[in-house]
Amino acid sequence: MQQEDTEQLNAGCSHEFWDLFSSGNSKAPVNQEAIVLHVYNYSWLTSTLNLPFFHIGVEVCETEVSFSQDGIQLFCPGDYDPTNYRQAILLGHTRMTELEVRILLDELRSIWQGKDYDLCSNNCQTFAMHFCQRLGLTRNEVPEEYLRFADLRFIPCCGTRSLCAAGKAGRLWTHCIGPFLALFLALALLFVLLVALRPGMQQ
């Protein structure tokens, strides 16, 4: 029955989307699938200047799930951007089966669409919190430094106090930094270029 359900679910989705979800590959017990947070520096520039801008993805059933301008995407764990990979953090475990995770992702794909992506609010951090909640985590285990741009107004049914409290910093950063983020990054890039060109200008 599970195989028939999986085939029926796959019929409505592109084959490429489910390529990483190969049935039977998970080595953990069905009721103890690990939920792992994968953290990336947003770019080489933010990494060089040690700026606190990060992309995050959530691994479950040995597949990393994240949200971007292209909507929900699946990757091998740590493969979203290996050059800017930062660390992995175990958040907890889910009792959902691989089939249930597939069904959940199929539902979320219609909600989390690339056209709605916003760097300073409706982003990978907001999605990660929602996804963890839907996987059954009752507490937010994502470190706050990786949620500065999360906006819980975009998370349906956010009724858990601990999850909502974690998003206060995200709302503050959204309102204060959003209009100035592009300008700040441009000035930082200009500074790096001036420092790099200065030795040549002095000759």
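Residues numbered from 1 in each chain as written. Predicted model: local features only at pLDDT ≥ 70, side-chain atom pairs only at ≥ 80, totals over all residues. Heavy atoms only, no water.

Chemist: Any chance you could explain helix H5 (residues 124–135) here in plain terms?
Modeler: Taking 1.5 Å per residue, 12 residues should reach 16 Å; H5 reaches 16 Å between its end C-alpha atoms and fits that length. Counting buried positions over the 12 residues of H5 gives 11, a clear majority of the element. At the N-terminal boundary of H5, the capping side chain belongs to Asn123, with an oxygen 3.1 Å from the backbone nitrogen of Gln125. In the segment just after H5, Gly136 is the residue with positive phi, at about 110°. (Helix = DSSP H or I, 4+ residues; strand = E, 2+ residues; numbered from the N terminus. Expected span 1.5 Å × (residues − 1). Buried < 20%, exposed > 50% of the residue type's maximum accessible area, 1.4 Å probe, protein only. Polar contact = N/O pair within 3.5 Å; in protein donor to acceptor, adjacent residues only side chain to side chain.)

Chemist: How should I be thinking about unusual backbone geometry in this particular structure?
Modeler: What you tend to see is this: most non-glycine residues have negative phi, and most peptide bonds are trans. Here Cys61, not a glycine, exhibits a phi torsion of approximately 55°, which is positive. Looking at the secondary structure, you find Cys61 in the loop between strand S2 (54–60) and strand S3 (63–68). Look at Glu62: it is not a glycine, yet its phi comes out positive at around 60°. Within the secondary structure layout, Glu62 lies in the loop between S2 and S3.

Chemist: Would you take a moment to explain the side chain of Thr94 for this structure?
Modeler: Counting through the fold element by element, Thr94 comes out in strand S5 (residues 85–94). Thr94 sits in the buried class, given a relative accessible area of 1%. From its side chain, Thr94 meets the backbone oxygen of Leu135 in a polar contact 2.7 Å long.

Chemist: What am I meant to see in the pairing of S2 here?
Modeler: Side-chain positions along a regular strand alternate between the two faces of the sheet. Within S2, seven of the seven residues are buried, which leaves it mostly tucked inside the rest of the structure. Where burial is concerned, the two faces of S2 agree: the one with Phe54, Ile56, Val58 and Val60 and the one with His55, Gly57 and Glu59 are both buried. In terms of strand pairing, strand S1 (residues 33–41) meets S2 through six bridges, oriented antiparallel. Along S2, the bridge assignment pairs Asn41 with Phe54. Examined bridge by bridge, S2 and S3 share three bridges and lie antiparallel to one another. Looking across to S3, one finds that Val58 is bridged to Val65. What sits between the antiparallel neighbours S2 and S3 is a turn of two residues, in which Cys61 has the positive phi angle 55°. (Pairing = 2+ DSSP bridges.)

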